[in-house]
Amino acid sequence: MSGVHPDEMMTIAASRVLNSDDVCFVGIGAPSAACNLARLTHAPDITLIYESGTIGTAPDVLPLSIGDGELCDTAVTTVSVPEMFRYWLQGGRVSIGFLGAAQLDKFGNINTTVIGDYHKPKTRLPGGGGAPEIATSCGEIFITMKQSRRGLVEKIDFVTTFGHGVGGPARENMGLKTKGPTLMVTDLAVWKPDPETKEFTVETLHPGVTREAVQETCGWPVKFSDGLAVTPEPTELELTTLRDLQARTKAAHAGAA
Amino acid sequence: MAKIQPLGDAVAENLRDGDFAAFEGFTHLIPHAAAHEAIRQGRRDLTLVRMTPDIVYDQMVGMGMAKKLVFSYVGNPGVGLLRRVRDAIENGWPNSLEIEEHSHAAMANAYEAGAAGQPIAVFRGYVGAELAEVNANIKSVTCPFTGEKLAAVRSVRPDVSFVHAQKANKKGDVLIEGIIGIQKEAVLAAGRAVVTVEEIVDNFDDVHPNACVLPSWAVTAVCVVPGGAHPSYTHGYYGRDNASYVAWDEISADRDRFKAWMLENVLDASPDDYADRVKSFRSAP
C-alpha cells in the first residue's frame, strides 16, 4: 500500500466498522476522524453525537474540541450537557461509543488519567471526561489508537474507563448489561476480544504489516487469530475523502487571523 | 432583578477570597473576560469548579488563585495537557493544588442537582472506574425500589458562578443559544451569578418560546463585554480562535513566558480589549 500512511490506514479501517443505522457517541481525535469519514463515504445516515450535546451532527471539518460551533450548526438538535448524559447516554439510546486511549491493556481497560501514582503523578493526563459512563452505557465500545509500547501495556497505571476488567465474565459479574469493547483498530491491525477470555486478539493485519511489527509495538504477548487475514486496502474514495477532510480541517484550524 | 453594571464592579461585589466559584462554559461561552477580571483583582484561595477546566483555569491556577480544583476533564481540548495545572499538581508551583476529580456524567448530574436544590446527585455511573477509589466524595446508594446500586455524589452549589451568554434585554433577562452546556445549571445552582453578554437589546420579542432564557430575577449581575468569551466563541457572534488554543500550549510550557504573557494580555488589559480580539472571527455585528 505505497503512499498510504499508517494513520490513514487506521482511520479508514476504523471508519469501515460503522453503518448508517448506528447511533455513535464520538470521542475527540482519532475516533472523530473515523466517524466522519464513515459519514462521508458509506454511512451517510449515521447519527454522530458529541458530549457537548450535539445530536446528529455533520461537520464539514473535524472539530478541534468536542464543542466547536460547527457541530451545533450542523446538528439535528443540541441539548444541554445534563440532558446528554442523563436522557441520551444513561437512557440507553446510544448503540456505539467510539473512544481513544492514552494507555490500554489487553482487556480494553483504558487509562487517560495519570502516568505514575494518582496522588503523586509523573504525568497528569486530562482525565476521563465522558468516557467512564460512555463505556458502560453504550451498547458496545470501539477503540482506536496508535500502537506503542507506552500505549499498549500489560498493566495500566489507572483504570479510568472499565473495559473487560480482568477478562472473562468480569462485566456480567459487575452487573453490566452492555457489551463493552468489541473492537480495536490501530495503525497496524484490527483486533477483537476473544469470545471467552475477552483478551484482544489480532483479526487482520493492515497491508504490508508483519506479526513482528505488531508485537514490537505492544507490551503484552500478542495473540493472533487462527483465521488471521489482511485488512482490505483503502479504496480511492476512502483515501481521497479522508485527505480532503484533513486538508479542510487543517486550513480551518489555522485560524482566520 | 439583575444589576446591569461594569464587569469590574460585578466581580468586586460577587467574588470573595476563599469562595467556591464556577467559571463555566462547556467549550462554548467560556467567561474569559470575567476570569481575567478576577485575576486582575487578585482573589485568592478559591476552590474552582468546572467540568472542563481549560486554558482560563490553567491561567488562574498558574497565577496562584486556586487552592482546589473540582473537575471532570482537565485539558486543552484537541491540543493536549494543561501545563500550568500540571506544574501545580506535579511540582506544587506556584502552590500545591488539591484536586477533586469526577466524570462528566457525575459533574453534569451534580450541577443539575445543585440547581434543583438537592444535596445529592444519583446516577448510573463509575462502574469499575478507579476514580471511585481515590475520591472519597464518590459514594453509592441502593435504589429503595429496585435494589440497584447507583453512584452518588454531592451536588455542586457554588458560592458564585460566572458564565458568558449571547445577550440580555434591558430588564436583565439573559438568552443563551447554541451549545448551552451546563450554563443554566451553573447559574441556578449558585448563590450569586454574574453573566457577561455580547450586547443588551431592547426586548426578546423575537426569541423562540422554548429558548434558554434566564429571567432577570435569577441572575445577580449582567455585564456587557463584547468578545468576552475569546478565545472561546459566542455562537452567532464570532467563531472559536483555535490558533490561540494551539499557541497556549507553547506559552504555558515555560513559567517565565507564562508570566510575561499574563502581564501583557491580562494584568495590563481591560474588559474593553476583548472586542478587538474577536474582530477577525466575527460572523455578525
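Residues numbered from 1 in each chain as written. Chains lettered and ligands numbered in written order. Predicted model: local features only at pLDDT ≥ 70, side-chain atom pairs only at ≥ 80, totals over all residues. Heavy atoms only, no water.

Now for the pattern of salt bridges. Residues and elements named next belong to chain B. Inspection of the entire model under this criterion finds 25 salt bridges over all chains. Between Glu90 and Arg86 there is a salt bridge; the shortest N-O distance is 2.7 Å. One end of the pair is Glu90 and the other is Arg86, both in helix α4 (residues 83-91) and four residues apart, which spans about a single turn. Exposure remark for Arg86: the relative accessible area of 18% places this residue in the buried category. Salt bridges sharing partners connect three or more residues here, namely Lys68, Glu98 and Glu100. (Salt bridge = Lys/Arg side-chain N within 4 Å of Asp/Glu carboxyl O. Helix = DSSP H or I, 4+ residues; strand = E, 2+ residues; numbered from the N terminus. Buried < 20%, exposed > 50% of the residue type's maximum accessible area, 1.4 Å probe, protein only.)

All names here are of chain B. Read from one edge to the other, the open sheet built from three strands follows the order β8-β10-β9, with strand pairing classed as antiparallel. Each edge of the sheet is formed by a strand with only one pairing partner; in this case those strands are β8 (120-123) and β9 (138-142). Each strand axis lies, on average, 35 degrees off the axis of its neighbour in the sheet, ignoring direction. Relative to the sheet, helix α5 (residues 104-115) contacts β8 and β10 (149-154), its axis offset from that of β8 by approximately 135 degrees. (Pairing = 2+ DSSP bridges. Axes fitted to C-alpha atoms, helices over the stretch in contact; angles between N-to-C directions. Contact = heavy atoms within 4.5 Å.)

What follows covers the domain arrangement of chain B. All names here are of chain B. Per the domain assignment, the segments of chain B are domain 1 (3-102 + 157-283) and domain 2 (117-154). Just the C-alpha atoms count here: the centres of domain 1 and domain 2 sit 29 Å apart. Contact residues are listed per partner, giving four residues for domain 1 and eight residues for domain 2. Looking at the side of domain 1 facing domain 2, the largest losses of area belong to Glu101, His102 and Arg157, adding up to 81% of the total buried there. The interface formed by domain 1 and domain 2 includes zero salt bridges. (Domains from an automatic or database assignment. Buried area = accessible area lost by both parts, 1.4 Å probe.)

Summed over the entire model, instances satisfying the criterion amount to nine aromatic pairs over all chains. Taken together, a centroid distance of 5.2 Å and an interplanar angle of 20 degrees make the contact between Tyr118(A) and Phe158(A) stacked. With Tyr118(A) in the loop between β8 (114-116) and β9 (121-124) and Phe158(A) in the loop between β10 (140-144) and α6 (170-173), this pair connects stretches of sequence that are 40 residues apart. Since its relative accessible area comes to 10%, Tyr118(A) is described here as buried. Considering the side-chain rings of Trp248(B) and Phe258(B), the 6.1 Å spacing of their centres and the 80 degrees angle between planes classify their relative orientation as edge-to-face. Note that Trp248(B) is positioned in helix α8 (residues 242-251) and Phe258(B) in helix α9 (residues 255-267), a separation of ten residues in sequence. (Phe/Tyr/Trp six-rings, centres within 6.5 Å; stacked < 30°, edge-to-face > 60°.)

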